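For reference, the chains in residue letters:
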Number of protein chains: 2
Amino acid sequence: MTDLFPDKGHDHGRCIDSALHQAETVAEANNARFTDMRRRVFTLIWQSHKAITAYELLDALQGEGVRAQPPTVYRALEFLVGLRLIHRIESLNAYFGCDMPDCEHLGQYFICRNCGRVAEAVNEDMSRAVRAAAGAVGFKIEATTIEIKGLCHDCAAH
Amino acid sequence: MTDLFPDKGHDHGRCIDSALHQAETVAEANNARFTDMRRRVFTLIWQSHKAITAYELLDALQGEGVRAQPPTVYRALEFLVGLRLIHRIESLNAYFGCDMPDCEHLGQYFICRNCGRVAEAVNEDMSRAVRAAAGAVGFKIEATTIEIKGLCHDCAAH
DNA sequence: GACGAAATGATATAATATAACACTTCAACA
DNA sequence: TGTTGAAGTGTTATATTATATCATTTCGTC
Ligand SMILES: [Zn+2]
Ligand SMILES: [Zn+2]
Ligand SMILES: [Zn+2]
Ligand SMILES: [Zn+2]
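Residues numbered from 1 in each chain as written. Chains lettered and ligands numbered in written order. Predicted model: local features only at pLDDT ≥ 70, side-chain atom pairs only at ≥ 80, totals over all residues. Heavy atoms only, no water.

J.: Hey, could you run me through the pattern of salt bridges in this one?
T.: Opposite charge on two side chains lets them pair, provided their charged atoms get close. Residue and element names in this part refer to chain B. Enumeration according to the criterion identifies 18 salt bridges over all chains in this entry. Measuring nitrogen to oxygen at the nearest pair gives 3.2 Å for the salt bridge that ties Asp36 to Arg40. One end of the pair is Asp36 and the other is Arg40, both in helix α2 (residues 36-45) and 4 residues apart, which spans about a single turn. For Asp36, a relative accessible area of 49% puts it in the partly exposed group. The exposure class assigned to Arg40 is partly exposed, which follows from its relative accessible area of 30%. As a salt-bridge pair, Arg128 and Asp125 come within 2.6 Å of each other at their nearest N and O atoms. Of this pair, Arg128 and Asp125 both sit in helix α5 (residues 124-136), 3 residues apart, which is roughly one turn of the helix. Overall, Arg128 belongs to the partly exposed group, its relative accessible area being 45%. (Salt bridge = Lys/Arg side-chain N within 4 Å of Asp/Glu carboxyl O. Helix = DSSP H or I, 4+ residues; strand = E, 2+ residues; numbered from the N terminus. Buried < 20%, exposed > 50% of the residue type's maximum accessible area, 1.4 Å probe, protein only.)

Have a look at this one:
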């Protein structure tokens, strides 16, 4: 059984480094400025594999001594979502880091209600089924939200 | 091509009547009281095939001369969602009426960004794909949110 | 009719998100 | 290298969505 969710003992510092590196690359490729504030917010989002809300980010920023207000956070989030460096989880009003921002994808999100972690899958069967269902009724897809809530493998075991 | 969305010229009064009738039945079967306030909210939701927000419902109630406050609306919504008489669209923070409340289902929602209508599908291929993807990673599903935004057949044609 | 549970009323407030305008930064260009 | 215009951020205010809490009413059961 392959678990989408990262191993308990994994070196999360490497997740963060990798995410930052990819973000730099994507921003550059899009001629977008990965400013200090955007980097701060992005790094905060990547502190865990959980989703984090805008106001949790705001608190974290203020905890770091940054004088930020809600619009600052929402602007950074808008930028990061726009570049698909992070994704918004609609059912949580929260955001989490994408670990494959360099390839276009319609992701599906598995959300564990126990440990709070979010994992992104890109499952072609699911995508195909969605496209087929839409095609059958003449619906032109522009965006999809697929969020699956429950218990991750670890949490289900306990 | 079968369109999920109702025909422009359909008799919407029949949609409302049918929904009300089904709701009565479901409530009774669940030993739940379909009170006046709940019926009002339910009927307002069914005024169209669009999703409607809690505060739009509140305004509509007040427009009818009902002295209602937010909790009144949210309580009615909670009740109706609980019985699956309506569904919440997470990506819109809005609610719309289910037209098959008597059979358990994990629905998928097509949302037209142009006309605002929402249509519910129960597509076994999609459901199966979701279950398979979850099974493959040992994830225990408790709830799914599948929302597909774009243009309905009618709106895509114009 | 008395009782307790469920529903609703009423007030306050929490949580999430955006509008508007001022100021700063930065890259491009003269 | 100074000018300039666009992009980014600061700041204040406010809009939108949702819930906590306690008082009162309604309703079925006894
Ligand atoms: Zn990690
Ligand atoms: Zn978990
Ligand atoms: Zn109708
Ligand atoms: Zn449409």
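The rest of the description comes next.
J.: Can you help me understand the relation of the copies chain B and chain A in this one?
T.: Mapping between the two copies of the chain is achieved by a rotation about an axis and a shift along the axis. Superposing chain B onto chain A takes a rotation of 180° combined with a translation of 0.0 Å along the rotation axis, leaving an RMSD of 0.0 Å. The operation mapping one copy onto its partner corresponds to a two-fold rotation axis. Identified as the residue of chain B closest to the rotation axis by C-alpha distance is Ile146 of chain B, at 2.3 Å. Comparing interface residues between copies, 100% of those in chain B also sit at the interface in chain A, which points to an isologous, same-surface contact. (Least-squares fit on C-alpha atoms with pLDDT ≥ 70 in both. Contact = heavy atoms within 4.5 Å.)

J.: Mind showing me how you'd approach the packing of α2 of chain B against helix α3 (residues 54-63) of chain B here?
T.: Any two packed helices are characterised by how steeply their axes cross, that is the angle between the axes, and by the distance between the axes. All names here are of chain B. Contact geometry for α2 and α3: axes closest at 10 Å, N-to-C directions at 115°. With respect to α3, the axis of α2 lies roughly perpendicular. Pair α2 / α3 crosses with right-handed handedness. Between α2, through Met37, Arg40, Val41, Leu44 and Ile45, and α3, the contact on the second element is made entirely by Leu57, Ala60 and Leu61. (Axes fitted to C-alpha atoms, helices over the stretch in contact; angles between N-to-C directions. Parallel < 35°, antiparallel > 145°, perpendicular 65-115°, else oblique. Left-handed = near helix turned anticlockwise from the far one by under 90°.)

J.: I keep staring at the side chain of His49 of chain B and nothing clicks. Help me out?
T.: Residue and element names in this part refer to chain B. Positionally, His49 belongs in the loop between α2 and α3. Looking at His49, its side chain comes within polar contact range of the side chain of His12, at 3.1 Å. Ignoring sequence-local partners within four residues, the contact set of His49 consists of Pro6, His10, His12, Cys15, Arg117 and Val118. (Polar contact = N/O pair within 3.5 Å; in protein donor to acceptor, adjacent residues only side chain to side chain.)

J.: Is there a simple way to think about helix α4 (residues 70-82) of chain B in this case?
T.: Residues spaced three or four apart along an α-helix face the same direction, because each turn holds 3.6 residues. Residue and element names in this part refer to chain B. Compared with an ideal rise of 1.5 Å per residue, which puts 13 residues at 18 Å, α4 spans 18 Å between its outermost C-alpha atoms and is within 8% of the ideal. Within α4 the residues assigned to the buried category are Val73, Ala76, Leu77, Phe79 and Leu80. All buried residues of α4 fall inside an arc of 160° around its axis, so they share one side. Exposed side of α4, more than 90 degrees from the buried face: Arg75, Glu78 and Gly82 are the residues found there. Against the buried residues of α4 lie α2, α3, β1 (86-89) and β2 (94-97). (Expected span 1.5 Å × (residues − 1). Arc of directions from axis to C-beta.)

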